[in-house]
Amino acid sequence: MAGGNERSMKALKEVWRRAENSLCADCGKPDPDWASSTLGVFICLSCSGIHRNIPSISKVKSLKMDHWDDAQVQFLAKHGNAVTKATYEAHIPIYYYQPTYNDCQVLREQWIRAKYERKEFTEPGKQLPYSDGVKEGILWKRGRDNGQFLPRKFLLSEREGCLKYFTKQDAKEPKINVKIDVINATFQPVKIGNPNGLQITYLKDNKTRNIFVYHESGKEVVDWFNAIRSVQFHYLKVAFPIASDNEIKNRLTRNFLKEGYMEKTGPKQREAFKKRWFTLDHRRLMYFKDPLDAFAKGEVFVGSRENGYSVQKGLPSGTQGNFSWHYGLTIVTPDREYLFTCETETDQLDWIAAFTSVINQAMTPQEYAIEACFKFKS
């Protein structure tokens, strides 16, 4: 019996060490130490918890602590991440967002359920709830002034190339009508205070507007998210016919590079520093009085190093104005310097790293146009 256990453990470790099994099959996290004995995939602890919630599909066991019999090890050896992915991820739409271990629970859970439970990607040309080019339904939207979430009808249309919402279900005219190419969507469960919270942003007169929504169903809110990406993808395919699918994919919805509180002072650099919520959305640095404000109080364009932009640790010597946080940083632009302070050194270094990653990238022609709009506004 002992010899059999040793043989099984040795065989298990050999399968586990395969390069294909070195990352979680569902989120890509390195060094997974759990596996599904019914699907044959190697997964991380976090994803194993999601698998455990669909016991009719997946039975999970620890690779370190649980016993694996010969038949189970042979099943893992026959399958593994590569073989299983070839089946369950065979026909993923180019626009579908595949979450990583850095993404929130609802995205990862619905990705796993879409693959193994609903088998959405096993057949080519399968009709999917986010691939029709039109989606209509109710989302709970946060009121701009009172902060209450109320049900609102939303309509997404590929034919019209826009997203609309209506204050009443029988309303004929929408409250807003936003072109699909200026929309971004990103999940914000912590900020919104709901596990299915989605932040939709769009540009209006070159200023950013936020809409905060959620749906009780995780599947429904993720379907909305991927429907937005689908409509965006097909719109951009027409707008940029020579661009590759991957180039267009990279222009779809994106996560913010960094968010959090900093203190800022005004353009004269003598005013008291005020605590504000900052969002870095690629080259747009926006600041808000409250994280759930509909409109930014101000925006700063962050260009490239070759165009005179840089980030420096600390504040200029002789900086005036009262500030309660002492970890400063300075954004240098061709027109002026922007001064900020962070609560901790870790925050300071994280913000500097985020700004540096943007500044080190060359600007696109579209970004030159955006920079010109910022200069015109100022």
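Given the structure is predicted, the values throughout are model-derived calculations rather than measurements. (Residues numbered from 1 in each chain as written. Predicted model: local features only at pLDDT ≥ 70, side-chain atom pairs only at ≥ 80, totals over all residues. Heavy atoms only, no water.)

On to the domain arrangement of the protein, then. Buried accessible area, meaning the area lost when the parts come together, often serves as the stated size of an interface. Looking at the assigned domains, one finds that the protein contains domain 1 (1-117), domain 2 (134-250) and domain 3 (258-376). Taking only C-alpha atoms into account, the centre of domain 2 sits 27 Å from that of domain 3. On the side of domain 3, 17 residues touch domain 2, which itself brings 14 residues to the contact. Between domain 2 and domain 3 the total buried area reaches about 1300 Å² when both faces are included, carbon and sulfur atoms providing 48% of it. Taken as a group, K191, N206 and T208 account for 44% of the area that domain 2 buries against domain 3, more than any other trio of residues on that side. Applying the counting rule to domain 2 against domain 3 returns one salt bridge. (Domains from an automatic or database assignment. Contact = heavy atoms within 4.5 Å. Buried area = accessible area lost by both parts, 1.4 Å probe. Salt bridge = Lys/Arg side-chain N within 4 Å of Asp/Glu carboxyl O.)

Per the counting criterion, the structure on display carries 17 aromatic pairs. Centre to centre, the rings of W140 and Y214 are 6.2 Å apart; their planes meet at 10 degrees, and the pair counts as stacked. In this pair, W140 sits in strand β4 (residues 134-142) while Y214 sits in strand β10 (residues 207-214), placing the two residues 74 residues apart along the sequence. With a relative accessible area of 25%, W140 lands in the partly exposed category. Between F278 and F340, the aromatic rings sit 5.3 Å apart at their centres with planes inclined by 85 degrees, giving edge-to-face as the arrangement. Taken as a pair, F278 in strand β12 (residues 274-281) and F340 in strand β17 (residues 337-342) lie far apart in primary sequence, 62 residues in all. A relative accessible area of 2% means that F340 is categorised as buried. A connected cluster of aromatic rings, assembled from ring pairs, spans Y95, Y96, W111, F121 and Y130. Here R251 stacks its cationic end above the ring of F240, 4.4 Å away from the centre of that ring. (Phe/Tyr/Trp six-rings, centres within 6.5 Å; stacked < 30°, edge-to-face > 60°. Helix = DSSP H or I, 4+ residues; strand = E, 2+ residues; numbered from the N terminus. Buried < 20%, exposed > 50% of the residue type's maximum accessible area, 1.4 Å probe, protein only. Lys NZ or Arg CZ within 6 Å of the ring centre and 35° of its normal.)

Turning our eyes to something else, we now look at the pairing of strand β9 (residues 198-204). With five of its seven residues buried, β9 lies for the most part within the structure. Alignment of strand β8 (residues 183-187) against β9, held across five bridges, turns out to be antiparallel. Note on β9: the bridge partner recorded for I183 is Y202. Summarising the sheet, β9 and β10 pair through seven bridges and their orientation is antiparallel. Residue pairing across strands places T201 opposite N210, the latter belonging to β10. Between β9 and β10, which pair antiparallel and follow one another directly, the connecting turn spans two residues, one of which, D205, has a positive phi of 55 degrees. (Pairing = 2+ DSSP bridges.)

In spatial order, the strands read β14-β13-β12-β11-β17-β16-β15; together these seven strands make up an open sheet with antiparallel pairing. Each edge of the open sheet is held by one strand with a lone partner, namely β14 (298-301) and β15 (310-313). Each strand of the sheet is rotated relative to its neighbour by a mean of 35 degrees, with strand direction disregarded. With four bridges connecting them, β15 and strand β16 (residues 327-332) associate as antiparallel partners. Following the sheet pairing, S310 is matched in β16 by V332. Of the strands in this sheet, β11 (258-264), β12, β13 (284-288), β15, β16 and β17 are in contact with helix α9 (residues 345-359), which crosses β15 at around 160 degrees. (Axes fitted to C-alpha atoms, helices over the stretch in contact; angles between N-to-C directions.)

I43, L156, I183, F187, L198 and I200 are the most contacted members of the largest nonpolar core, which totals 55 residues. Ranked by residues supplied to this core, first place goes to helix α7 (residues 218-239) with nine residues. Excluding residues that lie within four positions of it along the chain, I183 makes contacts with L163, V178, I200, T201, Y202, I228 and Q232. With 23 residues, the next largest nonpolar core counts V302, F355, V358 and M363 among its residues. (Core = buried A, V, L, I, M, F, W, Y, C linked by side-chain atoms within 4.5 Å.)

This brings us to the packing of helix α2 (residues 45-52) against helix α5 (residues 105-117). Direction vectors running N to C along α2 and α5 enclose 55 degrees, while the axes themselves pass 10 Å from each other. Compared by their axis directions, α2 and α5 come out oblique. The handedness of the crossing between α2 and α5 is right-handed. When α2 is examined against α5, the residues S46, C47, I50 and H51 are found in contact with a partner set consisting of Q105, R108, E109, I112 and Y116. Looking at the contact of α2 with α5 residue by residue, the class counts come to four nonpolar, three polar and two charged. (Parallel < 35°, antiparallel > 145°, perpendicular 65-115°, else oblique. Left-handed = near helix turned anticlockwise from the far one by under 90°. Nonpolar A, V, L, I, M, F, W, Y, C, P; charged D, E, K, R; others polar.)

Okay, the UniProt feature "domain: Arf-GAP" (unreviewed entry) in the protein next. The sites that carry the UniProt feature "domain: Arf-GAP" (unreviewed entry) are, in the present numbering, residues 6-129. End-to-end, the C-alpha atoms of residues 6-129 are 48 Å apart, and along that stretch the chain is 40% helix and 6% strand. (UniProt positions renumbered as here; feature names shortened; annotations may be inferred.)

Two cysteines form a disulfide when their sulfur atoms are joined by a covalent bond. Counted by the stated rule, this structure contains zero disulfides. No disulfide involves C27; its sulfur sits 3.7 Å from that of C44, the nearest cysteine. Residue C27 is classed as buried on the basis of its relative accessible area of 5%. (Disulfide = S-S within 2.5 Å.)

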